[in-house]
Amino acid sequence: MKKSFFKISSLLFLFIVLISCDKDFNSLDSDVIGNDHFDLVNEEVSLVAYSIETGAVQTNNLPLNALGIYNNPKFGLTKAHFVTQVELGTENPSFGYNPVIDSVYLYVPYFSQLKSTETSGERIYELDSIYGNPETGKFKLSVLENGYYLRDYDPTDNLESAQKYYSDEKNLIDPFKGTELLNNSTNIAQNDEFYFSKKELYIYKTDGAGLYIDANGEVLSNQNDVSLRVIKERKTPGIWLDLKNTFFQQKILDATSSGNLFNNNIFKNYFRGLLFEVEEITPNQGALAILDFSKAEFKIIYKSSVTPTTGNPNPDRTRKEFSLKMGYNASTTLRNNSVNFLNHTASSDYLAGLDDSNEIVGSEKLYIKGGDNGSIAFVDLFANGELDDLRNNISNNKWLINDAKLTFYVDKVAMQGVPGSSEPERIFIYDATNNSVLLDYTFDSSTAANLKNNKFVFGGIIERETTGDKKGIKYTVRITEHIKRVLKLDANGDYLNNIKLGISVTESIGISSYSNFINRIENRLGKLPLASILNPLGTVLYGNNVAPDDEDKKLKLSIYFTKPNNE
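Let us look at the structure shown here. (Residues numbered from 1 in each chain as written. Predicted model: local features only at pLDDT ≥ 70, side-chain atom pairs only at ≥ 80, totals over all residues. Heavy atoms only, no water.)

### Side note on the overall build of the chain
Along the chain, the regular secondary structure elements total 8 helices and 30 strands. For the chain, the spread of C-alpha atoms along the principal axes amounts to about 105 × 60 × 45 Å. For the chain, the residues scored as buried account for 50% of the 567 residues in total. Considering only contacts in the chain between residues 6 or more positions apart, those separated by 24 or more positions represent 80%. When the accessible surface of the chain is summed, it comes to about 26000 Å², and 48% of that surface belongs to carbon and sulfur atoms. In the chain, 58 positive and 73 negative side-chain charges are present, and the distance between their average locations comes to 3 Å. (Helix = DSSP H or I, 4+ residues; strand = E, 2+ residues; numbered from the N terminus. Buried < 20%, exposed > 50% of the residue type's maximum accessible area, 1.4 Å probe, protein only. Contact = heavy atoms within 4.5 Å. Areas by Shrake-Rupley, 256 points an atom, 1.4 Å probe, with all protein chains shown as cover. Lys, Arg positive; Asp, Glu negative; His and termini not counted. Charge placed at Lys NZ, Arg CZ, Asp CG, Glu CD.)

In structure tokens form, the structure reads like this:
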């Protein structure tokens, strides 16, 4: 162990320092001059850390879903497909007499931030949660009918437990998918050369027949002249797909007499949903977005009239809208089963790195990656017995725990070729023995303008270089309350059993639930943070068993105590 002693002027001053929300974790490292009563002790504790491959992950009914193709030169290629049930906005609808579809569209907003507004009124956005190059990372997107029924309950368990679907099970639905392309627009940016555009979207004013009108309310003679159209509504950047009229005419509007639209239970078996399937255009190129499909706007625009009568044989036809819903949202009544199929082809470097992991003595490098065939790391704090010695000092010598932090340094050599923007913005530390959050996570109520940076005192946010590609330097996580728990006697006079810490990437610090993984090769089952499944990025961190030249980057647990100086 390494020890360094600092004097403090008073307990009051120390208390103020310790409760300050210093995101850089440096307040306790400063030189402090004090009196003769207490010393501040910094203990650097050695530990054992290693990585494991998760394999396939449970991906049904996630709060967010991935769509697209992302290639990471260090970790490999991910293809993210998505399938979802669809439900009627209104059960047992009546569409009027002789309804005919004008158009069908689907809009799914991206996560974005408004950056500025031009003098023309155009709003400029910056996209969030999109990996790769959104403007140039084109891929083929096909929307097809899904013919496979997504079950609520597992028939192999006598329907007593919820059905689980995993990221590698696309083979279940492939034999049942439709062959008719539903996003059949002549605009290839909606299908053959799809990309994630950051431009805001416009819905233009039209007349009763669906023709564009100008500022005077007159029908445009040139329907293609966008500059003369009048904007009715602006939408933030998102997926916009014009879908095939004839399919939805037959599937929805013409099906009212069949009884298949009577309620959503019947409807979901009749129309089993949509499959969003992706294909590469150029090998190893593309982009991938994290989306909330439950916020989709899915509308059928149609015209119909009342039933003709002798007195009114040719009633006027009026323009109407009918909404469909898709996606899953646990916080609302939206319960459309969905599955993210994540196909990941691992790179040779990634596989070799995982093979080098050592659960006994620890690893030189820790590989942390989200999504399918991802990886998490475990940290055993008690492997080398040093924390047992500290328990004795706390119990017998009245040492007080002030602060504790884990510092993970990024292996910049291993991450060469990976852009700084493709390094995970945050890692997450959790109780991997009980699959629960640490007390430090629970107690931290700090908030930030970007929700992903909430709980910044708990930490895990990447510290980056300030120039160039802004590559990652390190991640620091404060685990003071957890260390207090494991080092102090409980109310019964016992020590808390050793708890293994888990490390994963995270897409959202606010998501604290856990999901399942299954490594089919090693026949290993386990749990991991659900937010790790939502993030396809990965990083390589220094572990505990490093080469001598890298000793200064070794994984560290630093614990700060105050102790009576009369020991």
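### Concerning the sheet that holds strand E17 (residues 297–305)
Pairing in this open sheet of 5 strands is antiparallel, and the strands run E6-E18-E17-E7-E14 from one edge to the other. Pairing within the sheet leaves two strands with one partner each, and these edge strands are strand E6 (86–88) and strand E14 (238–243). Pairwise comparison of adjacent strand axes, ignoring direction, gives a mean angle of 30° for this sheet. Where E17 and strand E18 (residues 318–326) come together, 7 bridges link them in antiparallel fashion. Bridge pairing in E18 places Lys299 opposite Ser323. (Pairing = 2+ DSSP bridges. Axes fitted to C-alpha atoms, helices over the stretch in contact; angles between N-to-C directions.)

### Observations concerning the layout of surface pockets
In this model, the largest pocket occupies a volume close to 1300 Å³. Residue lining of the largest pocket: 40 residues in total, with Tyr105, Tyr202, Tyr212, Trp240 and Asp242 positioned closest to the centre. It is E14 that provides the largest number of residues to the lining of the largest pocket, a total of 5 residues. For the lining of the largest pocket, a count of residues per class yields 16 nonpolar, 10 polar and 14 charged. By volume, the second largest pocket is sized at about 800 Å³. Leu127, Asp128, Ser129, Ile130 and Ser421 are the residues nearest the centre of the second largest pocket, which is lined by 30 residues in total. Where the lining of the second largest pocket is concerned, the elements lending two or more residues are strand E9 (123–128) and strand E10 (130–132). (1 Å grid on protein atoms, 1.4 Å probe; cavity = no way out; pocket = protein on both sides within 12 Å on 5 of 7 lines; lining within 4 Å. Points joined across faces, edges and corners; volume = space filled by probe spheres on them. Nonpolar A, V, L, I, M, F, W, Y, C, P; charged D, E, K, R; others polar.)

### Quick look at helix H7 (residues 480–487)
Every buried residue of H7 is listed here: Thr480, His482, Ile483, Val486 and Leu487. Buried positions in H7, seen along its axis, are confined to an arc of 160° and lie on one side of it. For H7, the secondary structure elements touched by its buried residues are helix H5 (386–397), strand E22 (400–409), helix H6 (439–443), strand E25 (472–478), strand E26 (501–505) and strand E30 (556–564). (Arc of directions from axis to C-beta.)

### Some points on the pairing of strand E20 (residues 365–369)
Successive residues of a regular strand alternate their side chains across the two faces of the sheet. Most of E20 is tucked away: 4 of the 5 residues are buried. Two elements, E20 and strand E29 (residues 538–542), share 5 bridges in a ladder whose sense is antiparallel. If you follow Leu366 over to E29, its bridge partner there is Leu541.

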